[in-house]
Amino acid sequence: MSVRVLVIEDEKLVADMVRLNLEHAGFDVTCVDRGEDGIARAREAFDVIVLDWMLPGLDGIDVAKQLRREHVATPVLMLTARGDVNSRVTGLDAGADDYLAKPFAMPELVARVRALARRAGAARPLGRDIVVAAWRINPDTREARRADGSGERLNLTETELSLLAFLASHAGEVLSRADILETAWGMDRAPTERTVDNYVMRLRKLFEDDPEHPRHFLTLRGVGYRFEP
Ligand code: CA
């Protein structure tokens, strides 16, 4: 069973993007768009709650306070456009465990949710291993190991893992650079399509036996990329 994340966010675009990225990272995601519904659902066994500050009706601060009053111990990651120190303190005082200011990069959100789940002691694995040729990548530790007995290991960055997880969850499909940018980087960062090319090249160097003649991270000229595990 995967880690369960409750997302309380009224902006549909943000909620969809958060859901997509968390699902790609192997989480089981439930979204609600009102604080009142969030409080009702939070009584279920979620591992992490992603809570937006600005909500219609009860806002994120009200929700966080109410959850603590009800002794809901699920760690809360608060999202807000207010990045200044005072509002951060207000959020943490209300019972949030961590704080992320909008606009944020999706890999950072995923990393923080993973960290909160880990800290909360979710004993079960947080995601499925990703397999690329002879490599097995553990998304929780971001560690890749060669399964051929050589014992070779390497550690991925959060962005490398995020891109790899996205490609792996769409194995065999044709993905445009725009698809990859939108989901793996999030909508609020402005990397160029060249960034995607650079990251794919990095993945090739890490995992392909012959990066010049890739067998797993394939370029489709004029279209984008396709991943073959
Ligand atoms: Ca909002």
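Everything here concerns the structure above.
Residues numbered from 1 in each chain as written. Predicted model: local features only at pLDDT ≥ 70, side-chain atom pairs only at ≥ 80, totals over all residues. Heavy atoms only, no water.

Undergrad: So what's going on with the pattern of salt bridges? Residues and values would help.
TA: Tallying each qualifying case throughout the model produces 20 salt bridges. One salt bridge in this structure joins Glu 23 and Arg 19, with 3.2 Å as the shortest N-O distance. Of this pair, Glu 23 and Arg 19 both sit in helix 1 (residues 12-24), four residues apart, which is roughly one turn of that helix. For Glu 143, the salt bridge is made with Arg 153, and the minimal N-O distance between the two is 3.5 Å. Highlighted residues: Glu 143 in strand 8 (residues 143-146) and Arg 153 in strand 9 (residues 153-155), separated in sequence by ten residues. (Salt bridge = Lys/Arg side-chain N within 4 Å of Asp/Glu carboxyl O. Helix = DSSP H or I, 4+ residues; strand = E, 2+ residues; numbered from the N terminus.)

Undergrad: An account of helix 3 (residues 60-69) is requested, with residue identities and associated values reported.
TA: Within helix 3, burial applies to Gly 60, Ile 61, Val 63, Ala 64 and Leu 67. Buried residues of helix 3, seen end-on, are gathered within an arc of 165 degrees and therefore sit on one face of the element. The residue sitting at the N-terminus of helix 3 and contributing the capping side-chain oxygen is Asp 59; that oxygen lies 3.1 Å from the backbone nitrogen of Ile 61. His 71 sits one or two positions beyond helix 3 and adopts a positive phi of about 60 degrees. (Buried < 20%, exposed > 50% of the residue type's maximum accessible area, 1.4 Å probe, protein only. Arc of directions from axis to C-beta. Polar contact = N/O pair within 3.5 Å; in protein donor to acceptor, adjacent residues only side chain to side chain.)

Undergrad: Mind laying out the nonpolar core, listing which residues take part and the relevant values?
TA: Membership of the largest hydrophobic core comes to 24 residues, with the highest contact counts inside it found for Val 132, Ile 137, Leu 164, Leu 167, Ile 180, Phe 207 and Phe 217. Breaking this core down by element, the ones donating at least two residues are strand 6 (130-132), strand 7 (135-138), helix 6 (158-169), helix 7 (177-185), helix 8 (193-207) and strand 12 (224-227). Per-element tally for this core: the top contributor is helix 6, with six residues. Counting residues in hydrophobic clusters, the runner-up holds 22 residues, among them Val 3, Met 17, Val 29 and Val 113. (Core = buried A, V, L, I, M, F, W, Y, C linked by side-chain atoms within 4.5 Å.)

Undergrad: Tell me about the pairing of strand 4 (residues 76-80), and name the residues and values.
TA: Burial analysis of strand 4 places five of its five residues in the buried class, which makes it a mostly covered element. Where strand 3 (residues 48-52) meets strand 4, four bridges bridge the pair, whose relative direction is parallel. From the neighbouring strand, Ile 49 faces strand 4, where its bridge partner is Val 76. (Pairing = 2+ DSSP bridges.)

Undergrad: Requested: an account of the side chain of Asp 47, with residues and values cited.
TA: Here Asp 47 shows up in the loop between helix 2 (35-42) and strand 3. Residue class for Asp 47 comes out buried when judged on its relative accessible area of 13%. Engagement of the side chain of Asp 47 in a polar contact is seen with the backbone nitrogen of Arg 4, the distance being 2.7 Å.

Undergrad: Run through the coordination of the calcium ion, naming residues and quoting values.
TA: For the calcium ion, the protein coordination sphere consists of Glu 9 (OE), Asp 10 (OD), Glu 11 (OE), Asp 52 (OD) and Met 54 (O), at 2.1 to 3.2 Å. Each donor residue of the calcium ion lies on one chain, and together they are spaced E-D-E-x40-D-x1-M. Taken as a pair, Glu 11 in the loop between strand 1 (4-8) and helix 1 and Asp 52 in strand 3 lie far apart in primary sequence, 41 residues in all. Under the relative-accessibility criterion, Asp 52 is labelled buried at 1%. (Donors = N, O, S within 2.8 Å, 3.2 Å for Na, K, Ca; no water.)

Undergrad: Tell me about the packing of helix 1 against helix 5 (residues 106-119), and name the residues and values.
TA: It is the contact of helix 1 with helix 5, at a shortest axis distance of 10 Å, that shows an interaxial angle of 60 degrees. With respect to helix 5, the element helix 1 is oriented oblique. Where helix 1 crosses over helix 5, the two elements pack in a sense that is right-handed. Within the contact between the two elements, helix 1 uses Met 17, Val 18, Asn 21 and Leu 22 and helix 5 uses Met 106, Leu 109, Val 110 and Val 113. (Axes fitted to C-alpha atoms, helices over the stretch in contact; angles between N-to-C directions. Parallel < 35°, antiparallel > 145°, perpendicular 65-115°, else oblique. Left-handed = near helix turned anticlockwise from the far one by under 90°. Contact = heavy atoms within 4.5 Å.)

Undergrad: Outline the sheet that holds strand 12, supporting the account with residue identities and numerical values.
TA: For sheets, the rule is that strands pair by backbone hydrogen bonds, running either parallel or antiparallel. Spatially, three strands are ordered 10-12-11 in an open sheet, and the strand pairing comes out antiparallel. Strand pairing shows two members of the sheet lacking a second neighbour, strand 10 (174-175) and strand 11 (217-220), which therefore form its edges. Bridging between strand 11 and strand 12 involves four bridges; their strand directions are antiparallel. Each bridged residue has a counterpart across the sheet, and for Phe 217 the counterpart in strand 12 is Phe 227. Across the sheet, helix 8 touches strand 11 and strand 12, and the angle it forms with strand 11 is around 145 degrees.

Undergrad: An account of the sheet that holds strand 2 (residues 28-32) is needed here, citing residue identities and associated values.
TA: In spatial order, the strands read 2-1-3-4-5; together these five strands make up an open sheet with parallel pairing. Looking along the sheet, the strands with just one partner apiece sit at the ends: strand 2 and strand 5 (98-101). Sheet twist, expressed as the mean angle between neighbouring strand axes with direction ignored, is 20 degrees. With five bridges joining them, strand 1 and strand 2 adopt parallel strand pairing. Bridging across to strand 2, Val 5 finds its partner in Val 29. Packed on one face of the sheet, helix 1 meets strand 1 and strand 2 and runs near 170 degrees to strand 2. Most of the contacts of helix 3 go to strand 3, to which it runs at about 150 degrees, and overall it touches strand 1, strand 3 and strand 4.

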